[in-house]
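One letter stands for each residue in the lines below.
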Amino acid sequence: MVRKALTGNHAISYAVKLVKPEVIAAYPITPQTSIVEKLSEMVESGELDSTMIRVESEHSALAACYGAALAGARAFTATSSQGLLYMHEVVHWVSRARIPMVMAVVSRTINAPWNIWPDHSDFMDQRDAGWIMAYAMDNQEALDLTIQAFKISEDPEVYLPVMVGIEGFILGHTTMPVEIPDEELVREWLGPRRQPYVVDGSSPIGVGGLTMPEETEDIFHGIQESMESAKRVIERVDREYGRMFGRSYGGLTQCYRCEDADYLAVSMGAWSGDLMEAVNKLREEGYRVGVLRLRFYRPFPREDLLEHAGRSKGVVVFDRAVSFGAWGPIFADLVASLAERPEKLPALSNIVAGIAGVNITSEDFEKLVKRFIESVEKGEKPVYFEWFRKR
Amino acid sequence: MDRVEVVKPVHGRLPLTTPSKGVAGKTGLWRTERPVVDNGKCTRCFQCEIYCPVNVIRVEPETGVSIDYEYCKGCGVCADVCPMRAISMVPEAG
Ligand code: SF4
Ligand code: SF4
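Residues numbered from 1 in each chain as written. Chains lettered and ligands numbered in written order. Predicted model: local features only at pLDDT ≥ 70, side-chain atom pairs only at ≥ 80, totals over all residues. Heavy atoms only, no water.

A description of the packing of aromatic side chains should follow, citing residues and the corresponding values.
All names here are of chain A. This structure, assessed with the given rule, holds 10 aromatic pairs over all chains. Summarising the aromatic geometry, the rings of Y241 and F245 are spaced 4.7 Å apart at their centres and angled 45 degrees between planes, so their arrangement reads as tilted. Note that Y241 and F245 are positioned in helix α9 (residues 213–245) at a spacing of 4 residues, about one turn of the helix. The exposure class of Y241 is buried, given its relative accessible area of 0%. Linked through ring pairs, W189, Y241 and F245 together constitute an aromatic cluster. (Phe/Tyr/Trp six-rings, centres within 6.5 Å; stacked < 30°, edge-to-face > 60°. Helix = DSSP H or I, 4+ residues; strand = E, 2+ residues; numbered from the N terminus. Buried < 20%, exposed > 50% of the residue type's maximum accessible area, 1.4 Å probe, protein only.)

Below you can see the structure in the form of structure tokens.
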């Protein structure tokens with residue numbers, strides 16, 4: 001194991017190098033580009049024995065990975081924002097074909113207008129595509145999650161592709177110390193690639209041909225069942241990873257000071273660190289509040305939310321994306337989960353913030369969480385939905 | 001590809017089909033007209049071979065034109081481009 005100062009993007013490149021996929025295909029798009037630039041340097045220098053396919057678009061990048069993975073190769077691609085939207089059609093093809101694969105999504109606001117700063121809108125746009133969706137909080141987790149993603153994706157209980165998200169620039173271009181596990185150990189831990197079928201010409205099979213409605217429904221229903229069992233697989237893989245490499249994160253969510261909390265703030269991504277800092281301050285002032293951070297958005301961690309939020313007096317959800325005309329996407333799913341036990345519904349509030357890359361500080365979080373707790377304590381109904389803008 | 005283990009999924013059916021007539025590029029039953037060649041009129045100009053969009057025509061100097069009907073889509077391009085009107089489209093059912 002070595003320690004290096006790496007950007008979030010390069011942390012992902014190093015994770016991919018340890019895994020050594022046979023095929024990497026990508027099209028450059030800010031802020032993802034430095035992931036594949038680094039990988040292409042590694043391939044060029046002979047450090048990494050992979051085939052790098054330079055394609056003319058993101059649609060083709062994922063299509064090339066899809067073809068390679070059908071033929072039995074580990075495959076990897078990375079993208080952002082408009083590129084991810086452009087490949088969206090193939091995003092569905094991969095999951096519905098039940099083909100394991102890993103893609104990094106370096107989040108960036110969706111145009112128009114042109115904007116390179118991050119929010120979660122590109123990631124959230126893939127919500128219903130049948131991919132396992134993970135989101136890291138720091139560069140170390142970006143590396144660990146990428147390695148874990150291959151293992152999760154190739155588990156016969158799952159057999160779905162996995163996307164690993166990080167915010168562009170905030171993590172993507174910010175340097176932190178990162179521990180890089182031993183290459184041999186990573187390969188040994190991953191073992192040989194597993195997938196449900198291979199197109200290798202040895203026997204003729206048709207993939208994705210016309211199927212009658214009832215059979216197609218069966219295929220899609222299998223994805224829903226696999227999403228459920230992925231919850232167990234994700235926890236198991238994280239535990240095994242912890243035993244092997246010394247770091248584990250706890251599964252679908254990370255609970256920060258929420259065991260004894262009366263109030264809960266829910267978030268996903270890098271700004272969770274600022275939220276945790278705010279919670280530390282609030283704890284000093286006597287507010288019993290914790291953070292429940294989503295590490296996985298799909299499968300949705302319904303059980304974790306029921307467990308923690310179900311015994312809270314109030315839950316405030318911070319969304320860095322908005323479903324125009326409704327709420328933040330995490331909030332909508334959280335309320336649906338909690339409604340399973342309506343007798344235990346806590347006070348609820350959704351704050352959409354940090355849209356289009358607007359910087360939200362730890363002080364902002366402190367103010368917003370404190371305002372929420374105080375309104376509940378006073379017996380007032382807290383604001384149900386608010387788009388927090390800084391001007 | 002000995003690094004790959006094919007293991008059945010625990011959940012769900014796979015979106016796989018077995019190739020039969022109608023897949024793998026074969027035309028199956030849906031062609032309505034087929035091209036028929038009069039090799040007596042044919043001058044071996046190769047126009048039909050060049051223009052067939054699915055590349056199923058072979059022109060030999062000695063024997064003339066042959067068409068692979070397993071894959072021919074019945075589009076009629078060959079009949080249209082033949083300067084000698086040596087190819088005619090006839091109804092499949094008849
Ligand atoms: S009918 Fe069309 S597909 Fe068939 S041989 Fe002629 S050009 Fe080719
Ligand atoms: S286009 Fe007509 S003349 Fe020319 S090779 Fe074909 S059938 Fe013969």
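Back to the text.
Mind laying out the interface of chain A and chain B, listing which residues take part and the relevant values?
The interface is formed by 31 residues belonging to chain A together with 17 residues belonging to chain B. A buried area of about 2,200 Å², summed over both sides, lies between chain A and chain B, and 58% of it is on carbon and sulfur atoms. The three residues of chain A that bury the most area against chain B are P196(A), G206(A) and I219(A), which together make up 18% of that side's buried surface. Applying the counting criterion to the chain A and chain B interface returns 2 salt bridges. With 7 residues, the single largest contributor to the side of chain A that touches chain B is α9(A). Here the side of chain A that touches chain B is composed, by residue class, of 13 nonpolar, 8 polar and 10 charged. The sheet contact formed by strand β9 (residues 193–195) of chain A and strand β1 (residues 4–6) of chain B spans 3 bridges and is parallel. The residue bridging R194(A) from the neighbouring strand is E5(B), located in β1(B). (Contact = heavy atoms within 4.5 Å. Buried area = accessible area lost by both parts, 1.4 Å probe. Salt bridge = Lys/Arg side-chain N within 4 Å of Asp/Glu carboxyl O. Nonpolar A, V, L, I, M, F, W, Y, C, P; charged D, E, K, R; others polar. Pairing = 2+ DSSP bridges.)

Which residues make up the pattern of salt bridges, and what values go with them?
All names here are of chain A. Counted according to the given criterion, the structure contains 32 salt bridges over all chains. Across the salt bridge formed by E228 and K231, the nearest N and O atoms sit 3.2 Å from each other. In this pair, E228 and K231 are both assigned in helix α9, 3 residues apart and thus about one turn of the helix distant. Its relative accessible area of 38% is what places E228 among the partly exposed residues. Its relative accessible area of 9% is what places K231 among the buried residues. Its salt-bridge partner being E303, residue R302 comes within 3.7 Å of it at the nearest N-O pair. Look at E303 and you get partly exposed, because its relative accessible area is 37%. Several salt bridges converge on common partners, so that one network encompasses E228, K231, R302, E303 and E340.

Provide a residue-level description of the site of ligand 2, including the pertinent values.
In the vicinity of ligand 2, the residues found are C42(B), T43(B), R44(B), C45(B), F46(B), Q47(B), C48(B), V65(B), C82(B), P83(B), M84(B) and I87(B). Looking at side-chain class alone, the shell around ligand 2 contains 9 nonpolar, 2 polar and 1 charged residues. (Near = heavy atom within 4 Å.)

Talk me through the sheet that holds strand β14 (residues 296–298) of chain A; I want residue IDs and the actual numbers.
Strand-to-strand pairing in sheets goes through backbone hydrogen bonds, with the strands running parallel or antiparallel. All names here are of chain A. In space, the 7 strands of this open sheet follow the order β3-β2-β4-β5-β7-β6-β14, with mixed pairing throughout. Two strands in the sheet have a free side with no partner beyond their single neighbour: β3 (51–54) and β14. Direction aside, the axes of adjacent strands within the sheet are offset by 20 degrees on average. Two strands pair when backbone bridges link them, and strand β6 (residues 132–135) and strand β7 (residues 162–167) are joined in this way by 4 bridges, in the parallel orientation. Directly across from Y135, in β7, lies its bridge partner G165. Contacting β2 (23–26), β3, β4 (75–79) and β5 (102–107), helix α2 (residues 33–45) crosses the sheet at an angle of about 130 degrees to β3. (Axes fitted to C-alpha atoms, helices over the stretch in contact; angles between N-to-C directions.)

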